[in-house]
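Secondary and tertiary structure notes
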Amino acid sequence: MTNSVTAMKAYIAMGSNVGDREHWLRQAIDTLDRHNAIEITKVSNIYETDPVGYTEQPSFLNMVIEVRTTLSAPALLLEQLAIEQQLGRVREVQWGPRTIDLDLLLYDNVSLESDLLVLPHPRMMERAFVLVPLHDVLSKVHLLYNEVKGIAEEALQLRKEGITLWTTIN
Ligand code: X6L
Ligand code: MG
Ligand code: MG
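Presented here is a report on the structure given in the accompanying data block.

About the thresholds
Residues numbered from 1 in each chain as written. Chains lettered and ligands numbered in written order. Predicted model: local features only at pLDDT ≥ 70, side-chain atom pairs only at ≥ 80, totals over all residues. Heavy atoms only, no water. Helix = DSSP H or I, 4+ residues; strand = E, 2+ residues; numbered from the N terminus. Rg over C-alpha atoms; globule rule 2.2 N^0.38 Å. Buried < 20%, exposed > 50% of the residue type's maximum accessible area, 1.4 Å probe, protein only. Contact = heavy atoms within 4.5 Å. Areas by Shrake-Rupley, 256 points an atom, 1.4 Å probe, with all protein chains shown as cover. Lys, Arg positive; Asp, Glu negative; His and termini not counted. Charge placed at Lys NZ, Arg CZ, Asp CG, Glu CD. Salt bridge = Lys/Arg side-chain N within 4 Å of Asp/Glu carboxyl O. Near = heavy atom within 4 Å. Polar contact = N/O pair within 3.5 Å; in protein donor to acceptor, adjacent residues only side chain to side chain. Nonpolar A, V, L, I, M, F, W, Y, C, P; charged D, E, K, R; others polar. Donors = N, O, S within 2.8 Å, 3.2 Å for Na, K, Ca; no water. Core = buried A, V, L, I, M, F, W, Y, C linked by side-chain atoms within 4.5 Å. Phe/Tyr/Trp six-rings, centres within 6.5 Å; stacked < 30°, edge-to-face > 60°. Lys NZ or Arg CZ within 6 Å of the ring centre and 35° of its normal.

It is worth spelling out the overall build of the protein at this point. Summing up its helical and strand segments, the protein has 5 helices and 8 strands in all. When the helices and strands of the protein are placed in sequence order, the string is α-β-α-β-β-β-α-β-β-β-α-α-β. Taken over C-alpha atoms, the radius of gyration comes to 15 Å for the protein, in line with the 15 Å a tight globule of 170 residues would show. A principal-axis box enclosing the C-alpha atoms of the protein has dimensions of 45 × 35 × 35 Å. Sorting the 170 residues of the protein into buried and exposed places 45% on the buried side. For the protein, the share of sequence-separated contacts (at least 6 apart) that also reach a separation of at least 24 residues comes to 69%. Surface summary for the protein: the accessible area is close to 9,000 Å², and the carbon and sulfur share equals 50%. Of the charged side chains in the protein, 15 are positive and 23 negative, and the gap between their average positions amounts to 3 Å.

Laid out in C-alpha cells, this is it:
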C-alpha cells in the first residue's frame, strides 16, 4: 500500500516536433498539474534539438519535469499515455513526428523491467536531449546526479544533437 499514501519523486522527459511545440509542452504540464495525485515540483529549460533516430523530421523542443505523485509508476505511465492521446498524438511512423511525447525516466529509486515499463529509462544516459534538461531539475543528492551532470555539461558545450537553449519557463 506504499504508493497509495506516500508521494514519490519522478522525472518525466517531454518532446514535441509538430505545430506549436511550446504550446504542447505547456499543455502537457498543465494537464499533469491538474491531476489530483500529481504535483509539478520543477521545470527545466526548454531546448531545441536535432531529431535523433529518424532524422528526416522537424527539430524538437525537449524538456524534463520533476513531479511528486502518489500514483504508482505504472499508473503514472498510463496517465502520460492518456495525455499524449488528449493532445492529439497519433502514432504513425516509429520514431516519427509527434505533438507530444512523455517518457518516464526515473521513479524514486525504482529499478524495474516489465513488459509495460523499464526503469530507469534504458536509453536516457545516451541522449543529450534528455540529459541536458534532466540536469536542470535532477536532485543533487540523486544517485545519478554526478554522472548526469558530467555528460550533460559536455553535451551542451559540444552542442551534441544540435542542442541549444530555446527558452526558460517563468
Ligand atoms: C541508432 C538507432 C541511434 C536508433 C539512435 C535514438 C532511436 C533515439 C530513437 C537511435 C534512436 C530515439 C526525440 C528524437 C525521437 C526527441 C530528439 C528516440 C525516439 N524522439 N530526437 N527522436 N528529441 N531530438 O524527443 O528517442 S524518436
Ligand atoms: Mg521519447
Ligand atoms: Mg515515448
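It is worth spelling out the pattern of salt bridges at this point. The final tally for this structure, using the stated rule, is 7 salt bridges. Between E22 and R26 there is a salt bridge; the shortest N-O distance is 3.0 Å. With E22 and R26 both in helix 2 (residues 21-34) and 4 residues apart, the pair spans about one turn of that helix. With its nearest N and O atoms 2.9 Å apart, the salt bridge here joins E153 to K149. Pair noted here: E153 and K149 are both in helix 5 (residues 145-157), with a separation of 4 residues, about one helical turn. Residue classification places E153 among the partly exposed positions, given a relative accessible area of 39%.

As a matter of local geometry, ligand 1 sits amid T49, D50, P51, V52, G53, F60, N62, W95, R98, R127 and F129. A distance of 2.7 Å is found between a nitrogen atom of ligand 1 and a backbone nitrogen or oxygen belonging to D50. Within the contact set of ligand 1, a nitrogen atom lies 2.8 Å away from a backbone nitrogen or oxygen of V52. Across the complex, the protein chains shield 73% of the 570 Å² of accessible surface that ligand 1 would expose by itself. Partitioned by chemical class, the residues of the shell around ligand 1 number 5 nonpolar, 3 polar and 3 charged.

Our next topic: the coordination of the magnesium ion (ligand 3). D101 (OD) and D103 (OD) make up the full set of protein donors to the magnesium ion (ligand 3), lying at 2.1 to 2.2 Å. Between the magnesium ion (ligand 3) and the magnesium ion (ligand 2), a separation of 3.6 Å is found, and both are coordinated by D101. Under the relative-accessibility criterion, D103 is labelled partly exposed at 23%.

What follows concerns the coordination of the magnesium ion (ligand 2). At this site the magnesium ion (ligand 2) is bound by D101 (OD) and D103 (OD), with donor distances of 2.0 to 2.1 Å. D101 gets classed as buried once you look at its relative accessible area, which sits at 13%.

Membership of the largest hydrophobic core comes to 29 residues, with the highest contact counts inside it found for I12, M14, M63, I65, L76 and L104. Ignoring sequence-local partners within four residues, the contact set of L104 consists of A10, Y11, I12, A73, L76, Q80, L117, L119 and H121. Ranked by size, the runner-up nonpolar core spans 20 residues in total, among them A128, L131, V148 and A155.

A complete count under the given rule lists 0 aromatic pairs for this structure. In this structure, R21 packs its charged tip against the face of W166, placed 5.0 Å from the ring centre.

Turning to the environment of R159, a few remarks are in order. With respect to the element layout, R159 can be found in the loop between helix 5 and strand 8 (164-167). In this structure, the C-alpha to C-alpha distance between R159 and A128, residues 31 residues apart in sequence, is 8.7 Å.

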